[in-house]
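# Residue-level structure breakdown
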Amino acid sequence: MTVQTVAMLTAGGLAPCLSSAVGGLVERYTEIAPDVRIIGYLDGYAGLLTGRSVEVSEQARREASRLHHLGGTPLGNSRVKLTNVEDAVRRGLVPEGSDPLQVAAEQLAADGVDVLHTIGGDDTSTTAADLAAYLHEHGHEMRVVGLPKTIDNDIVPVRQSLGAWTAAEQGAIFARNVVAETSSNPRMLVIHEVMGRHSGWLTAETARRYHAWVAEQDWAPAMGADRRRFDVHAVYVPERHVDLAAEAERLRATMDEIGCVTVFLSEGAGIEDVVADLEATGAEVPRDPFGHVQLDKVNPGQWFAGRFAELVGAEKVMVQKSGYFARSAAAGPEDLALIRECVELAVDTALSGGSGLVGHDEERGGELRAIELDRVAGGRPFDVEAPWFAELLDDLGQVS
């Protein structure tokens, strides 16, 4: 099938890769297949459902390289699940009685889309596969070539998702100023809440990078600027049970010795306890269209701080979230290199008639390839047995 029209969309939450990936796709097509028409659906699947798109003009092609230096996404994002009919109707994305999957497929057919490039997580990719299957059943062939985006780095079987390295680096940068707040009050407890619903990878990698930065600095302990006060003292992730009593005893000793405690907390750590506690009081637990607990509204960091502060003898508690700061950043050098190689293969795959989610396939020896969409899933747990994580916990005095 000759490729005449390709479409792009970005979906889900932001990550430090979206703008660069969009720019890279435009650059690559312009370089090797300049006659291919490119359109971008606005606001992810919401724009596809409502027929809102933008044509990539000659000027846009000339400006595409500038997107590598920008955060966010030029196309806009949304969280839309095409199988959640009630939500799509409530939000005015489709008329009452419509099937969102059918509406989206018909829009793709009307636009003559031969290839759909999605830049998103596992839900984004598998939804696009459903669209391609629906179109095939109705006589329109469309290929899906996705790029893996999630700062949680939890897509199966992708070794490294786009944007995750940068999000960890930005979270570590955010922490440099936040942790300095420990000097604002005696016996200060700082909770640095990091995004990560099911996977603790981002929290762990953020803590690793921050801890490494602390080790590289020249401190002035004789004047009270002690490295121990600026370091992270505990890292809590969803994959490891937190023994609050044991940790409180350990960290109360830290508080007594240096006058502060800093915890890096994954927002998904202990979320079952948070939800159970809220539901026991009769509170409604807000959920998104995918059925996920809306963690920004539940506020796990505040819940944790409220129960931990007394145990460690804190006089003051501060909870700071790095998620929005980190995820909206422009891609850093590590991610720019990864985006470039993934984009090149994505376009080559599309033009040669292939489909899949482009990434390094952990189940195929780490080969960079178009991974079959029926093998893609989300929620891959972080490997808490990884040597580097065990080494980090040992450095912090936390039982690994």
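This write-up is about the structure you can find in this document. Since this is a predicted model, take the numbers as computed values, not measurements. All residue numbers refer to positions counted from 1 along the written sequence of the respective chain. Given that the model is predicted, a residue must reach a pLDDT of at least 70 before its local features are reported, and side-chain atom pairs must reach 80 or more before they are shown or counted; all residues, however, enter totals for whole chains, interfaces and linings. Side-chain metrics in this entry use all non-hydrogen atoms of the structure; hydrogen atoms and water are not considered.

Another point: the environment of Val-26. Within the element layout of this structure, Val-26 appears in helix α1 (residues 18-32). The cut-offs for exposure are 20% and 50% of the maximum accessible area for each residue type, with area from a 1.4 Å probe on protein chains only; residues under the lower value are buried, those over the upper are exposed, and the others partly exposed. Judged by relative accessible area, Val-26 falls into the buried class, the value being 5%. The criterion used for residue contact is that any of the two residues' heavy atoms lie within 4.5 Å. Beyond its immediate chain neighbours, meaning those up to four positions away, Val-26 contacts Met-8, Ile-38, Val-56, Arg-61 and Ala-64. Each helix is a run of DSSP H or I of at least 4 residues and each strand a run of E of at least 2, with the numbering of both proceeding from the N terminus.

Turning next to the sheet that holds strand β7 (residues 234-236). Strands are treated as partners if at least two bridges between them are detected by DSSP. Spatial ordering of the open sheet is given by β7-β8-β6-β9, a layout of four strands whose pairing is parallel. Bordering the open sheet on either side are β7 and β9 (316-321), each of which pairs with just one other strand. Neighbour-to-neighbour, the strand axes of the sheet open up by a mean angle of 20 degrees, direction not taken into account. Looking at chain direction, β7 and strand β8 (residues 260-266) are connected through three bridges and run parallel. Across the sheet, residue Ala-234 finds its bridge partner in β8, namely Val-263. Axes here refer to lines fitted to C-alpha atoms; in helices the fit is confined to the stretch in contact. Angles between the N-to-C directions go from 0 to 180 degrees.

Between its first and last C-alpha atoms α1 spans 21 Å; for 15 residues at 1.5 Å apiece the expected length is 21 Å, and the two agree. Taking burial as the measure, the 15 residues of α1 include eleven buried ones, the bulk of the element. Those residues of α1 that fall on the buried side of the exposure criterion are Leu-18, Ser-19, Ser-20, Ala-21, Val-22, Gly-23, Gly-24, Leu-25, Val-26, Arg-28 and Tyr-29. Check the buried side of α1 and you find it contacts β1 (5-10), β2 (37-41), α3 (58-63), β4 (115-120), β5 (143-148) and α15 (333-351). Under the convention used throughout, the expected extent of a helix is 1.5 Å for every residue step, that is, one less than its residue count.

The subject of this paragraph is the nonpolar core. Ranked by size, the top nonpolar core spans 61 residues in total, and within it Tyr-29, Leu-147, Tyr-210, Val-235 and Phe-389 carry the most contacts. When residues of this core are traced back to their parent elements, those giving at least two are β1, α1, β4, β5, α7 (164-180), α8 (201-216), α15 and α16 (387-396). When residues no more than four places from it in sequence are discounted, the contact partners of Phe-389 are Ala-204, Val-235, Val-237, Arg-240, Phe-382 and Val-384. By size, the runner-up hydrophobic cluster in this structure holds 34 residues, among which are Ala-7, Ala-46, Val-89 and Leu-131. We call a set of buried Ala, Val, Leu, Ile, Met, Phe, Trp, Tyr and Cys residues a nonpolar core when their side-chain atoms join them within 4.5 Å.

Among the seven residues that make up strand β6 (residues 188-194), seven are buried, leaving the element largely enclosed by the rest of the structure. Side chains of β6 alternate between two faces, with Met-188, Val-190, His-192 and Val-194 and Leu-189, Ile-191 and Glu-193 buried alike. Alignment of β6 against β8, held across seven bridges, turns out to be parallel. Looking at β8, one finds that Glu-193 is bridged to Leu-265.

In contact at an axis separation of 8 Å, α7 and α8 are set at 55 degrees when each is read in the N-to-C sense. One element, α7, and the other, α8, form an angle in the oblique class. The interaxial crossing formed by α7 with α8 has right-handed handedness. When α7 is examined against α8, the residues Ala-164, Trp-165, Ala-167, Ala-168, Glu-169, Gly-171, Ala-172, Ala-175, Arg-176 and Val-179 are found in contact with a partner set consisting of Trp-201, Leu-202, Glu-205, Thr-206, Arg-209, Tyr-210 and Trp-213. Oblique is the label for any angle not under 35 degrees, not over 145, and not in the 65 to 115 range, which are roughly parallel, roughly antiparallel and roughly perpendicular in turn. By convention, the crossing between two helices is left-handed when the near helix turns anticlockwise from the far helix through less than a right angle, and right-handed when the turn is clockwise.

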